[in-house]
Amino acid sequence: MSTLEITDLAVSVSTEDGPKQILKGVTLTIDDGQTHAIMGPNGSGKSTLAYSIAGHPKYEITGGSVTLDGEDVLAMSVDERARAGLFLAMQYPVEVPGVSVANFLRTAKTAIDGEAPKLRTWVKDVNGALDRLNLDSTFSQRSVNEGFSGGEKKRHEIAQLELLDPKVAILDETDSGLDIDALKIVSEGVNRFREREGKGVLLITHYTRILRYITPDVVHVFVDGKVAESGGPELADKLEAEGYESYLPVAR
Amino acid sequence: MTVTAAAPARVESHLNPPPSYDLADHPAPTGREEVWRFTPLKRLRGLLDGEPSDACLEWDTTLPEGVTLSTVTAEEARALGELGPNERPAALAASLSGGAALLDVPAELECDEPVVIRLSGNTVEDLVWGQLLYRIGAHAKVTIVLVHTGAARYCAISTFVVGDGAQVDIVSVQDWDDDAVHLGRDAIRVGRDARVKHTSVSFGGDLVRLHANVEYDGPGGEAELLGLYFADAGQHLEHRLFADHNAPRTSSNVNYKGALQGQGAHTVWIGNVLIRKEAEGIETYEENRNLVLTDGCQADSVPNLEIETGEIEGAGHASATARFDDEQLFYLQSRGVSVEEARRLVLHGFFADLIRKIGVPFLEEQLTETVEKELAKNMLAAPGEFASALEGSA
Ligand SMILES: Nc1ncnc2c1ncn2[C@@H]1O[C@H](COP(=O)(O)OP(=O)(O)OP(=O)(O)O)[C@@H](O)[C@H]1O
Ligand SMILES: [Mg+2]
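Residues numbered from 1 in each chain as written. Chains lettered and ligands numbered in written order. Predicted model: local features only at pLDDT ≥ 70, side-chain atom pairs only at ≥ 80, totals over all residues. Heavy atoms only, no water.

A. Region of the structure containing the coordination of the magnesium ion (ligand 2). Residues and elements named next belong to chain A. Within the protein, Ser47 (OG) and Gln91 (OE1) serve as the donor atoms for the magnesium ion (ligand 2), at 2.0 to 2.2 Å. Taken together, the residues Ser47 in helix α1 (residues 46-54) and Gln91 in the loop between β6 (86-89) and β7 (96-100) connect sequence positions 44 residues apart. Comparing Ser47 with Gln91 shows no difference in burial state: the two are buried. (Donors = N, O, S within 2.8 Å, 3.2 Å for Na, K, Ca; no water. Helix = DSSP H or I, 4+ residues; strand = E, 2+ residues; numbered from the N terminus. Buried < 20%, exposed > 50% of the residue type's maximum accessible area, 1.4 Å probe, protein only.)

Shown next, in the form of structure tokens:
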């Protein structure tokens, strides 16, 4: 079972001119086994939503709640959230010089499971996950994300998703910067994850392209820090045809 | 065959005064001198007064077959090619040591096992003057590891005369007790086409101030000066490097990395490089990176390049002091890793490439462990951990 419930979430960041409200009351619930897509223009607050759920210290929660299977996510530290079953595939994965992918993955897996993975099967699992994401086995000896191309970083995120096996995955623009082949590979990785029992996905994207490979149960249009409209997959088609125009405040 | 003139003209430089054994040339510092301004003179505990003393460190040595250790007089050391003192502590050590230890690695000897010299002191009350001379014959290949432990007020002048085509790895580990004071000067003369790697590893001591100087005895010499240090609360760790490119087509590569934590932790890195007129076609790069783990620390980092010829292959430097990168920590934590473990990983990563570069396999693991222990350490942790870990495996 996994239900991620976001209720009236309000978030601000501190700026030179004082706090700035970015999320203005976000409400949505990802039920057991569901995939939700969030689509919205640049700067609408999509990454802010993703980071706030994951617990990035830059974002201050000013209201609302987030629960995972009833547990208060906002009361948890960043690593506790991950151990509770949340995973964030980042829009810009971070480089960690000197720390090998193999060491990183083993440390993360150990932290999440509370025990070290079985050595023999683990090496096979890692190589298998990398291979399915079209990353050859030399990647496991390279420093985390250092010198990876944009596409390799994204594929590495999905390899982690497969290995760490969270309850709910938040994918922040995992599709951007990918060529069509890489997009297919990443989508297949996400779909393999979705096939597992009861996994939730929050798929943040700017483009409808990825929704041809990953069919969401619910599509949310995200504008100016909140959900402007929700609907079925057909809502994506409407966005494809008309863009975000009609949701934006009538300027000028 | 020697190409350079017997006595190349010395460039007058206040950062690197000409060598002299005459104490009158090295007056006691006031602390205002450029070369002393970072050093807390009071904490030298009167060392620079130059009182005679016949106290010694305890020596425990492991010598590979063919390598010999003997004692010579100070005069003999000079005749054998000792590089003269550029500052007061080294001059005092040369005049008060009462003789030098001479380590001889014969020409063409290739040692599979390292020379290991463990030096330990009993108490900081002991004032110890040290003089060491290492002669590495032409085309010899050797690794020399020095480990300093215990406590003393120790002041030493060391010279490495490296023959043509020799390959030498030198590692000096400072794992002193909390109250030790250590002033050391290592000077290296790199033979034609020889390759020398010198690594300083400093964890312990109240005040440690070390020079690693390199000059060349002909073209084609390569020097790599590496350093790794970890300063805790109240510690002063100072590393002063000088690459004197006095011969053509020589190279120097300096890479020092340090971490600091705790109130009053202070590190100093001075990287001086001089490229003389005759040093055409040389290459030099120096880099110092510091990771500041807590408030209340200070990392001073001063690269300095003097160039007298335009005909060089490459010269560059980099110096950076940073805190833990929040984004790196967040990324690791978002994968379930606790903040302590995340810090450990990032620190491990910070030092990893350098530890690998030291290239002394039996040290690698211990260094990694020591770095992690330092991080885990609270104010009361026992010093000397590095040396005891080393005992188990060497
Ligand atoms: N420190 C800050 N100071 C001022 N504004 C900020 C700060 N941090 C974020 N913002 C603003 O918050 C808004 C939301 O940013 P966010 O990254 O969440 O957008 P996004 O929807 O993910 O955009 P994109 O599609 O470009 O990834 C943006 O307008 C951004 O400029
Ligand atoms: Mg974004």
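So much for the structure itself; the text now carries on.
B. Structural view of the packing of helix α4 (residues 119-132) of chain A against helix α5 (residues 150-164) of chain A. All names here are of chain A. Two elements in contact, α4 and α5, have axes whose closest approach is 9 Å; the angle formed by their N-to-C orientations is 140°. Relative to α5, the element α4 lies oblique. Regarding α4 and α5, the two cross each other, and that crossing is right-handed. Contact with α4, carried on its side by Trp122, Asp125, Val126, Ala129, Leu130 and Arg132, involves Ala159, Glu162 and Leu163 of α5 and no other residues of that element. A per-class count over the contact of α4 with α5 returns 6 nonpolar, no polar and 3 charged. (Axes fitted to C-alpha atoms, helices over the stretch in contact; angles between N-to-C directions. Parallel < 35°, antiparallel > 145°, perpendicular 65-115°, else oblique. Left-handed = near helix turned anticlockwise from the far one by under 90°. Contact = heavy atoms within 4.5 Å. Nonpolar A, V, L, I, M, F, W, Y, C, P; charged D, E, K, R; others polar.)

C. The interface of chain A and chain B, seen in detail. If you look at the interface, chain A gives 32 residues, while chain B gives 19 residues. A combined buried area of about 1900 Å² lies between chain A and chain B, and 66% of that area is made up of carbon and sulfur atoms. On the chain A side of the interface with chain B, the three residues burying the most area are Asp79(A), Val94(A) and Thr107(A), jointly 22% of the side's total. If you look at where chain A meets chain B, you find 1 salt bridge. Where chain A meets chain B, there are 9 residue pairs in polar contact (both at pLDDT 80 or more). Taken together, the elements giving at least two residues each to the side of chain A that touches chain B come down to α1, α2 (78-84), β6, β7, α3 (101-113) and α5 of chain A. In terms of residue count, α3(A) provides more of the side of chain A that touches chain B than any other element does, 6 residues in total. Here the side of chain A that touches chain B is composed, by residue class, of 20 nonpolar, 8 polar and 4 charged. (Buried area = accessible area lost by both parts, 1.4 Å probe. Salt bridge = Lys/Arg side-chain N within 4 Å of Asp/Glu carboxyl O. Polar contact = N/O pair within 3.5 Å; in protein donor to acceptor, adjacent residues only side chain to side chain.)

D. Molecular detail of the nonpolar core. If you look at the biggest cluster of nonpolar residues, it comprises 108 residues, and the most contacted ones within it are Ile6(A), Leu49(A), Leu171(A), Leu347(B) and Phe351(B). Here this core gets 9 residues from one element, more than from any other, and that element is helix α4 (residues 339-358) of chain B. Aside from chain neighbours lying at most four places away, what touches Leu49(A) is Ile6(A), Leu9(A), Leu23(A), Val26(A), Ile38(A), Leu202(A) and Phe222(A). Leu225(B), Ala247(B), Ile282(B) and Ala299(B) belong to the second-largest nonpolar core, a separate cluster that totals 57 residues. (Core = buried A, V, L, I, M, F, W, Y, C linked by side-chain atoms within 4.5 Å.)

E. Spatial organisation of the UniProt feature "domain: SUF system FeS cluster assembly SufBD core" (unreviewed entry) in chain B. Mapped onto the present numbering, the UniProt feature "domain: SUF system FeS cluster assembly SufBD core" (unreviewed entry) falls on residues 127-350 of chain B. Across residues 127-350 of chain B, the secondary structure splits into 9% helix and 62% strand, with the terminal C-alpha atoms separated by 36 Å. (UniProt positions renumbered as here; feature names shortened; annotations may be inferred.)

F. Main features of the packing of aromatic side chains. All names here are of chain B. Enumeration over the complete set of coordinates arrives at 7 aromatic pairs over all chains. Its guanidinium or amino end placed over the ring of Tyr21, Arg78 lies 3.7 Å from that ring's centre, counting from NZ or CZ. One residue, Lys257, lies across the ring of Phe350, its end atom 4.9 Å from the ring centre. (Phe/Tyr/Trp six-rings, centres within 6.5 Å; stacked < 30°, edge-to-face > 60°. Lys NZ or Arg CZ within 6 Å of the ring centre and 35° of its normal.)

G. Seen up close, α5(A). All names here are of chain A. Taking 1.5 Å per residue, 15 residues should reach 21 Å; α5 reaches 21 Å between its end C-alpha atoms and fits that length. Burial of α5 is extensive: 14 of the 15 residues sit out of reach of the surface. Looking one or two residues beyond α5, the residue adopting positive phi is Asp165, at roughly 50°. (Expected span 1.5 Å × (residues − 1).)

H. Structural detail: the sheet that holds strand β2 (residues 18-30) of chain A. All names here are of chain A. Ordered by their spatial adjacency, 4 strands build an open sheet running β2-β1-β4-β5, and the pairing between neighbours is antiparallel. Looking at strand neighbours, the two that pair on one side only are β2 and β5 (71-72), the edges of this open sheet. With 8 bridges joining them, strand β1 (residues 4-15) and strand β4 (residues 59-68) adopt antiparallel strand pairing. Its bridge partner being in β4, Leu4 is matched across the sheet by Leu68. Set on the sheet, α1 makes contact with β1, β2 and β4; between it and β1 the angle comes to about 105°. (Pairing = 2+ DSSP bridges.)

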